[in-house]
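A look at the structure
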Amino acid sequence: MRGFAGEGGHVSARHVVIAGYGMAGARLADEIRRRDPEAERVRLTVLGAEAHPAYNRVLLSTVVAGGLSPEAVRLHDDEWAARAKVELRLGAPVTGLDRSLRRVETATGSYTYDALVLATGASPWLPPVEGLEPGPEVVAFRTLDDCRRIVDVARPGAPVAVLGGGLLGLEAARGLAGRGANVTVVHPSVHLLERQVDAAAGRVLARRLTGLGVSFRFEVTAARHLPGDGLKLDDGSFVPADLVVVAAGVRPETGLAEAAGLAVDRGILVDDLLRSSDGRIHALGDCAQHEGAPAGLVQPAWEQAAVLADLLTGSDPAARYRGTAAVTRLKARDIDLAALGEAQATGEGAEVLTLDDPSGGRYGKLVVRENRVTGAILLGLPDAAATVTQLHDRGIPVPDDRLAVLLGRALPADTATAASPAELPSSALICRCNTVTKGRLVDAWRGGATDATALVRTTRATTGCGSCRDTVGAVADWLAAQ
Ligand SMILES: Cc1cc2nc3c(=O)[nH]c(=O)nc-3n(C[C@H](O)[C@H](O)[C@H](O)COP(=O)(O)OP(=O)(O)OC[C@H]3O[C@@H](n4cnc5c(N)ncnc54)[C@H](O)[C@@H]3O)c2cc1C
């Protein structure tokens, strides 16, 4: 597939249009240009609804917490499109899709495609609460603009309500409490992160966050927003709030696909070639639904981008996306939480070991089946998180001393903590967001990337959520000392 034979018999690049210039769309464009830098095989048009160049959405919690400036999370500079030979339109949402003409519409023009990629992401869900309308006092947390609005209002001492005690809500709450705001999280369930962790872990986490200045209201929902005043809850109580941050879940952005008659369930249904029910239309990232991909995470989106770039450029027609085994992490200062696999398992047919230390802010849970880790929750146990993740990822038998594993003190022969990169096996996944192993870092080093900055530039490790930065630094130090 090195282009199409046109009418005059000449070979022309196929026109790929990407609708959506977020984390998946931007990465796909990068991956296509890595394979086809001179635009010989693929002519590329990217249509983005937002007015900004693409940015790292994952790091917006860190921007809210004051750890990064909005400029620091940009994925592309102003010259990227010209350099990458991409026709880029910002502030240009795709408003229509005509499959028979193979054409998409924006307010300022239409584009005919050979292949269309929907990378339209997801939109925050606004619960049906009387008076809860997006505006300066009500912000659903998803975009860089939302982030700026939140930071503008959340001054020290300002009362802020966060609707939703999921990952996004807790990251926002921790960040805002760190800025000195008086934060109350309103959560309809009995414990935090009920989709990721069990009740005991949820309780320890709430206690830890309470110690960091966050208040909680459990098993209640907002009934009414009183602008300038706060939230009336359904039990009749009241939460004062100058600002309400809504983090109540997201819905895949499937409007275009549905209107065009593509198969949509929760997201746009795609197969292992990331094809929708129309073979010329692909989807990836948060708007897509693949049976092996966890929803709402960047790691699957970026893995899908690499596969789709192989297919669209013809670099590897056999490339397939088979799914992603994701690890959930909470990115909040002073809190280490990782959950993976069947973290909610209660013991049927499995060996379950738990360690509950509420006053120490620690909770560990190991789920073992046939001597392999199939699930875990690790709160306040970063060393154990590193070891257990290795055991889980690589299907290594669990050492007999399970408690030592949970305490981060057991180092089976071929695993190690992040602190000792020499011991890590080559296949150890260092950067999950970008799927970079220790072996890939070593290869990059041997290829000339001989400091941490060069390793990052070559492999893109650390450029997702950034939680592997220390480990990549340790690998670089270890390589430099060889
Ligand atoms: C604050 C925050 C923290 C997060 N933290 C993590 C984390 O720690 N780890 C993790 O894995 N994930 C995290 N996520 C989720 C992660 O950001 C998403 O999974 C990722 O951004 C998905 O990429 P995407 O391109 O599919 O969607 P998006 O990044 O949302 O991009 C979609 C883009 O398409 C645009 N668009 C929509 N409709 C149209 C249209 N009709 N035409 C043109 N453009 C359109 C949107 O405006 C948007 O710019 C976080 C998300 C948020 C908001």
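Residues numbered from 1 in each chain as written. Predicted model: local features only at pLDDT ≥ 70, side-chain atom pairs only at ≥ 80, totals over all residues. Heavy atoms only, no water.

With an unreviewed UniProt entry as reference, the protein is termed Assimilatory nitrate reductase electron transfer subunit, source organism Amycolatopsis jiangsuensis.

A word on the overall build of the protein. A tally of regular secondary structure across the protein gives 13 helices and 29 strands. Overall size of the protein, expressed as C-alpha extent along the three principal axes, is 75 × 60 × 45 Å. Here the protein, with 482 residues, has 52% of them falling under the buried criterion. Expressed as a percentage of contacts within the protein between residues at least 6 apart in sequence, the contacts between residues at least 24 apart total 61%. Carbon together with sulfur atoms contributes 48% to the accessible area of the protein, which is approximately 20,500 Å² in total. When the 52 positive and 58 negative side-chain charges of the protein are each reduced to one mean point, those points stand 3 Å apart. (Helix = DSSP H or I, 4+ residues; strand = E, 2+ residues; numbered from the N terminus. Buried < 20%, exposed > 50% of the residue type's maximum accessible area, 1.4 Å probe, protein only. Contact = heavy atoms within 4.5 Å. Areas by Shrake-Rupley, 256 points an atom, 1.4 Å probe, with all protein chains shown as cover. Lys, Arg positive; Asp, Glu negative; His and termini not counted. Charge placed at Lys NZ, Arg CZ, Asp CG, Glu CD.)

What follows is about the pattern of salt bridges. Tallied over the entire structure, the rule returns 28 salt bridges. A single network of salt bridges, built from pairs that share partners, joins R27, E31, R35, D310 and R460. (Salt bridge = Lys/Arg side-chain N within 4 Å of Asp/Glu carboxyl O.)

Another aspect to go through is the pairing of strand 26 (residues 362-369). In terms of burial, strand 26 is a largely internal element, six of the eight residues being buried. Sheet topology places strand 25 (residues 351-357) next to strand 26; seven bridges connect them, and they run antiparallel. In the sheet register, L355 faces strand 26, and the bridge partner there is G364. Here strand 25 folds back onto strand 26 in antiparallel fashion, the turn holding four residues, of which G361 has a positive phi close to 70°. As judged from the seven bridges shared by strand 26 and strand 27 (residues 372-379), these two strands associate in the antiparallel manner. (Pairing = 2+ DSSP bridges.)

What follows is about the pairing of strand 15 (residues 222-226). In this sheet, strand 16 (residues 230-233) lies alongside strand 15 in antiparallel orientation, the contact comprising four bridges. The partner of A222 across the bridge, within strand 16, is L233. In textbook terms, the turn of a hairpin is the stretch between consecutive antiparallel strands, and for strand 15 and strand 16 this stretch comprises three residues, one of which, G228, has a positive phi near 80°.

When the UniProt feature table is mapped onto this chain, "domain: BFD-like [2Fe-2S]-binding" (unreviewed entry) is found at residues 429-473. This span, residues 429-473, is 49% helix and 11% strand, and a straight line between its end C-alpha atoms measures 15 Å. (UniProt positions renumbered as here; feature names shortened; annotations may be inferred.)

Near the ligand, the surroundings consist of 28 residues, among which A24, E50, R57, R142 and K331 are the closest. Within the side chain of R142, an N or O atom sits 2.6 Å from an oxygen atom of the ligand. Backbone polar atom of G296 to an oxygen atom of the ligand: 3.4 Å apart, as the coordinates give it. For the ligand, whose free accessible area comes to 990 Å², the fraction covered by protein is 89%. Among the elements of the structure, helix 1 (23-35) and helix 2 (60-64) are those that each provide at least two residues to the shell around the ligand. Each residue belonging to the shell around the ligand can be placed in one class, and the counts come to 14 nonpolar, eight polar and six charged. Each of two domains, domain 1 (4-122 + 251-313) and domain 2 (138-248), supplies a minimum of three residues to the shell around the ligand. (Near = heavy atom within 4 Å. Polar contact = N/O pair within 3.5 Å; in protein donor to acceptor, adjacent residues only side chain to side chain. Nonpolar A, V, L, I, M, F, W, Y, C, P; charged D, E, K, R; others polar. Domains from an automatic or database assignment.)

This part is about the packing of helix 11 (residues 438-446) against helix 13 (residues 469-480). Across the interface, helix 11 lies against helix 13 with an axial gap of 11 Å and an inter-helix angle of 45°. Considering the angle they form, helix 11 stands oblique to helix 13. Handedness of the crossing formed by helix 11 with helix 13: right-handed. For the pair helix 11 and helix 13, contact is made by K438, L441, V442 and W445 and by V472, V475, A476, W478, L479 and A480, respectively. (Axes fitted to C-alpha atoms, helices over the stretch in contact; angles between N-to-C directions. Parallel < 35°, antiparallel > 145°, perpendicular 65-115°, else oblique. Left-handed = near helix turned anticlockwise from the far one by under 90°.)

Assignment of secondary structure puts P421 in the loop between helix 10 (402-406) and strand 28 (429-431). Taking relative accessible area as the criterion, P421 reaches 6% and is therefore assigned buried. The sequence separation of P421 and D77 amounts to 344 residues, and the corresponding C-alpha distance is 33 Å. Each residue touching P421, except ones within four places of it in the same chain, is listed here: K438, A474, V475 and W478.

Under the UniProt annotation, the feature "domain: FAD/NAD(P)-binding" (unreviewed entry) is placed at residues 15-301. Within residues 15-301, the helical portion is 23% and the strand portion 27%, while the C-alpha atoms at the span's ends are 22 Å from each other.

For the structure on display, the rule yields two aromatic pairs. A centroid spacing of 5.8 Å and a plane angle of 20° characterise the contact between Y21 and W80, whose relative ring orientation is stacked. Of this pair, Y21 sits in the loop between strand 3 (14-19) and helix 1 while W80 sits in helix 3 (residues 80-83), and the two are 59 residues apart along the sequence. An angle of 15° between the planes, with centres 5.6 Å apart, marks the rings of F216 and F218 as stacked. (Phe/Tyr/Trp six-rings, centres within 6.5 Å; stacked < 30°, edge-to-face > 60°.)

Structurally, the protein comprises domain 1 (4-122 + 251-313), domain 2 (138-248), domain 3 (334-412) and domain 4 (418-482). Facing the five residues of domain 3 at the interface are seven residues of domain 4. Ranking the residues of domain 3 by area buried against domain 4 places Q390, D393 and R394 at the top, with a combined share of 79%. Taken together, the links from domain 3 to domain 4 amount to one salt bridge. R432 is the partner of D393 in a salt bridge, and the nearest nitrogen-oxygen pair spans 2.9 Å. In this assembly, domain 3 and domain 4 are joined by two residue pairs in polar contact (both at pLDDT 80 or more). Of the residues contributing to the side of domain 3 that touches domain 4, the split by class is one nonpolar, two polar and two charged. (Buried area = accessible area lost by both parts, 1.4 Å probe.)

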